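# Structural features, examined
The chain contents come next:
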Amino acid sequence: MCADVTGSDSDDRAVSPARPPLPEHQIDDPAFRVFLDSLSYLEPDEIRQVIDAYLFSEEAHRGQTRLSGEPYVTHPLAVAGALAEWRMDVQAIIAALLHDVMEDTAVSKAEIAAHFGKQVADLVDGLSKLEKIEFQSYQDAQAENFRKMLMAMARDLRIVLIKLADRLHNLQTMAPLRPEKRRRIAHETLEIYAPIATRLGLNNISRQLQDLSFKQIHPTRFNVLTKAVKAVRGNRRELLSKILDGIRGKLQEAHIEAGVFGREKSLYSIYHKMVEKHLSFSQVLDIYGFRIIVRDIPTCYLALGALHSLYKPVPGKFKDYIAIPKGNGYQSLHTTLIGPYGTPVEIQIRTQSMHHVAEDGIASHWLYKDSEESGAELQVKTHKWLQSLLELQSSSGDSSEFLEHVKVDLFPDEVYVFTPKGKILALPRGATVVDFAYAVHTDVGHRCVAAHIDHELIPLSAELANGNQVEIITAPHANPNPAWLGYVKTSRARSKIRQFLKSQQQESASALGENMLEQELRALGVVPSEIPATVWDHVVREAGKKSRREIFADIGQGRSLAAVYARRLVEHEEVQQGSERETVPLVIRGTEGVAIQLASCCCPIPGDPIIGLLKEGQGLRIHTHACHSVRKSRSIEPNSWIHVDWAPDPGLMFDVRIKVMIRNTRGALGRVATGISQSGSNIRQVTMSGENPGLTSDLHFLIQVSDRPHLAKLMRHLRRVPDVIRIVREQE
């Protein structure tokens, strides 16, 4: 059981009879004694604080046991022990011991702050669930709890380290849980926690989380793969020894001091490769790799040269993560060689400090403070990523959207591209030109229209490859296109595009709402411009809004009725109304933006009698009076329909559908298309159908006309084409 911010393990406890507290000198738990021994790096007074925290936690959880029957305090003790292995500071150790007390007991944040300080209380609070907020679904609660944890993590990185240790211990000890709950926790771990560990460079924990989750989700496959790897380990022992001896001999020959180690890939990584590349286990040859640890960076490259002279390298399989580190600070040289009997041999070459970062990531900052590299660069990279989380939070509409952005941002594979000035940007694999533009600057993203990749003009949807030099072409009046959301890969680009589109929608809705309110006021005999500002201020305050614009936007988005606000304004203004209410239609041009849309089912054009359907969050949709949608729902939702009319001479072209029945003669389609063009209309789309294709065919055109007279003129013109039998205007 854990203080699981997703609500995963909230019932992994049982209640046993209360027992009196034990004084410190009577604590005879061997696990606690081992834990104390691991704290030798702390000062004596800090160890005293940790003991006090353990006693506080033990007393708070007294009467609670895990489903396994163990006292509940064994769980926070195990989590604190994991942090002690990383040599974390005393506040983190104390927070680990107390991480469940706010959630599972009556202890408050104020009590923790009074006993152990505000810093510890903030850490525990960041790990606690949101108990007092009601959510519509488990998914909403999960998303909001992840948001809280990640925001707390952005403020203090120790929170996520405690959380990962907490999740690891849960996975190791969740055998008593129901199978479906174990699978849900395991899926959640693979989806969020393991990628977060990878993103922070915590590869040891990431591998353990993946393997334990794999075991819960696919227990049979896990067992089969375990046996297969064990069998291969015995069968290939001679081959591995030969490769190890060859590598060590070659390095000694080149006078390079190095540690050479064979390593077995994790079961999950082998399984993932089998699924991703559709391979059987016998086809996965590289289940073993080799790691070479040398003293400094120049020696890394010397060792690489020596190994390339021993075995032939595989073209395209060399990666230099020393010159261009990964986003989580990882550095190594990677190469794949063809070893004895054609066996592929994967090799990583790195220094000792690089090895610390590769295995323990950001935790290496606490573990190896006296090493040749303090991890300052890694902290800067991590800080940048955490700041990006805060930026995502501010631009995301809700917790679910924020969680979606974070998931997108947790891709481990990256491509490295260059700006025209030679700056390197790391982007997820599959990133496009638009992702690059937003990575440079938000304004560059908003205004981009095309790009040059390696001096060639390419579209915005093009995917980037390692080593590309990208130059963005912008235009002053360009805006983000909703279609970009279909191919962007980075959370930053996605959130910025959505934020812009929402802002644009808000502006359009505000303009529509203002027009609708003016319509209602005119119908009540009030001139909108003559309403005093004091009356408006009173109505705005009464509605709990910040400005008139908020009221207009609510009306335009269907959240409030224009008639209600019109009545409020009239009541405050004390305007005398006539006995009859005049109905004044809302005038539209068809260019109002996303808040007003012409329905595709009937394709209204100027001159058609029209009516508007207002739905919450969808704005105003314009239909013709003859549209089947109007006939079906006008009686059901009478308050959602409002009177609208066309502005005189909008000066635009509008889509409309026509069906033309023609005789199947050579060139008939061309003659009809020519007739449409000669009538001053554009053809947007054409399809063909017909019950008797041997004699006649039906041509379905989506064309553009300015108004009804223009459409009538076009239809008269087409009737004079000899091949045309019949022509009608279509509706869906």
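Each value, and the rule that gives it
- Residues numbered from 1 in each chain as written.
- Predicted model: local features only at pLDDT ≥ 70, side-chain atom pairs only at ≥ 80, totals over all residues.
- Heavy atoms only, no water.
- Helix = DSSP H or I, 4+ residues; strand = E, 2+ residues; numbered from the N terminus.
- Buried < 20%, exposed > 50% of the residue type's maximum accessible area, 1.4 Å probe, protein only.
- Axes fitted to C-alpha atoms, helices over the stretch in contact; angles between N-to-C directions.
- Left-handed = near helix turned anticlockwise from the far one by under 90°.
- Contact = heavy atoms within 4.5 Å.
- Nonpolar A, V, L, I, M, F, W, Y, C, P; charged D, E, K, R; others polar.
- Parallel < 35°, antiparallel > 145°, perpendicular 65-115°, else oblique.
- Polar contact = N/O pair within 3.5 Å; in protein donor to acceptor, adjacent residues only side chain to side chain.

### Here's the deal with unusual backbone geometry
The residue histidine 255 is not glycine, and still its phi comes out positive at about 60°. Mapped onto the elements of the fold, histidine 255 is located in the loop between helix H13 (237-253) and strand E3 (259-264). What makes histidine 255 exposed here is its relative accessible area of 74%. Although it is not a glycine, histidine 455 adopts a positive phi angle of roughly 70°. Residue position: histidine 455 is located in the loop between strand E11 (448-453) and strand E12 (456-458).

### Focus on the packing of helix H27 (residues 668-678) against helix H28 (residues 708-719)
At a minimum axis distance of 9 Å, the contact between H27 and H28 shows a crossing angle of 145°. Note that H27 runs across H28; the crossing there is right-handed. Where H27 abuts H28, its residues Val672, Gly675, Ile676 and Gln678 lie against Leu714, His717 and Leu718. Across the contact of H27 with H28, the residue classes tally to four nonpolar, three polar and no charged.

### Focus: the packing of helix H12 (residues 219-235) against helix H14 (residues 267-277)
Contact geometry for H12 and H14: axes closest at 11 Å, N-to-C directions at 105°. Overall, the two elements H12 and H14 adopt an arrangement that is roughly perpendicular. Residues Arg221, Phe222, Leu225, Thr226 and Val229 of H12 touch H14, and the partners they reach there are Leu267, Ile270, Tyr271 and Met274. Among the residues forming the contact of H12 with H14, the class breakdown is seven nonpolar, one polar and one charged.

### A look at the side chain of histidine 700
If you trace the backbone, histidine 700 turns up in strand E21 (residues 696-705). Looking at histidine 700, its side chain comes within polar contact range of the side chain of glutamate 730, at 3.1 Å. Setting aside chain neighbours within four positions, we find histidine 700 in contact with Ile658, Lys659, Gln685, Val686, Thr687, Ser689 and Glu730.

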